[in-house]
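# Coordinate inspection notes
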Amino acid sequence: MNEPTTRPWNRPHDRAEVVIGVVVTLSPLWMTTDSTAMWSLVLLGALIALDGPASLAMPGMVYGEGIQIVLGALLFLSPWVMGYTDLAGASWTAWIGGVLTVVAGAAAMPIAQATHRTAGQH
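Residues numbered from 1 in each chain as written. Predicted model: local features only at pLDDT ≥ 70, side-chain atom pairs only at ≥ 80, totals over all residues. Heavy atoms only, no water.

This brings us to the nonpolar core. In this structure, Leu 41, Leu 75, Tyr 84 and Ala 90 are the most contacted members of the largest nonpolar core, which totals 13 residues. Elements that contribute at least two residues to this core include exactly α1 (12-26), α2 (35-57), α3 (62-82) and α4 (88-120). For this core, the leading source of residues is α2, giving 4 residues. Look past the residues within four positions of Leu 41 in its chain and what remains in contact with it is Val 24, Thr 25, Ser 27, Pro 28, Thr 33, Ala 46, Leu 75, Tyr 84, Ala 90, Thr 93 and Ala 94. (Core = buried A, V, L, I, M, F, W, Y, C linked by side-chain atoms within 4.5 Å. Buried < 20%, exposed > 50% of the residue type's maximum accessible area, 1.4 Å probe, protein only. Helix = DSSP H or I, 4+ residues; strand = E, 2+ residues; numbered from the N terminus. Contact = heavy atoms within 4.5 Å.)

Quick look at the structure:
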């Protein structure tokens, strides 16, 4: 296992989650949205962006990666659930951001599990 990916503040997957969350959160500034789409993107993007630093600080926090996967799935489903599929920019932002968040969370999961197991062995 590569040492840099198991140290706090040094995992590229979690850094990517922060960037994805910030982009999704700020996306209503440059695209057309309605109130529902805006709040869906802002809320879910902020939650994704806020969970990233927690995972960066505690690389063995396995449930943090699980939370990212769930948030990514919710973001992906939000255009259908919240009814803003007619807003192409907002919908594509949610779909792409959701898929990227799920992929980053799933890619970080084995590293988090290994770090968690290693931290438990003193």
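Between α1 and α2, the shortest axis-to-axis distance is 7 Å and the interhelical angle comes to 160°. Regarding the angle of α1 to α2, the classification is roughly antiparallel. The interaxial crossing formed by α1 with α2 has left-handed handedness. Facing Asp 14, Arg 15, Glu 17, Val 18, Gly 21, Val 22, Val 24 and Thr 25 of α1, the residues of α2 in contact are Leu 41, Val 42, Gly 45, Ala 46, Ile 48, Ala 49, Gly 52, Pro 53, Ser 55 and Leu 56. Grouping the constituent residues of the contact of α1 with α2 by class yields 10 nonpolar, 5 polar and 3 charged. (Axes fitted to C-alpha atoms, helices over the stretch in contact; angles between N-to-C directions. Parallel < 35°, antiparallel > 145°, perpendicular 65-115°, else oblique. Left-handed = near helix turned anticlockwise from the far one by under 90°. Nonpolar A, V, L, I, M, F, W, Y, C, P; charged D, E, K, R; others polar.)

For the rest of this paragraph, the subject is the packing of aromatic side chains. Evaluated as defined, the whole model comprises 3 aromatic pairs. Cluster of aromatic residues (ring-pair linked, three or more members): Phe 76, Trp 80, Trp 92 and Trp 95. (Phe/Tyr/Trp six-rings, centres within 6.5 Å; stacked < 30°, edge-to-face > 60°.)

Another aspect to go through is α1. If you check α1, its first and last C-alpha atoms are 21 Å apart, about what 15 residues at 1.5 Å a residue would give, namely 21 Å. Along α1, the positions that sit buried rather than exposed are His 13, Asp 14, Glu 17, Ile 20, Gly 21 and Val 24. Taken end-on, α1 shows its buried residues confined to a sector of 115°, consistent with a single buried face. (Expected span 1.5 Å × (residues − 1). Arc of directions from axis to C-beta.)

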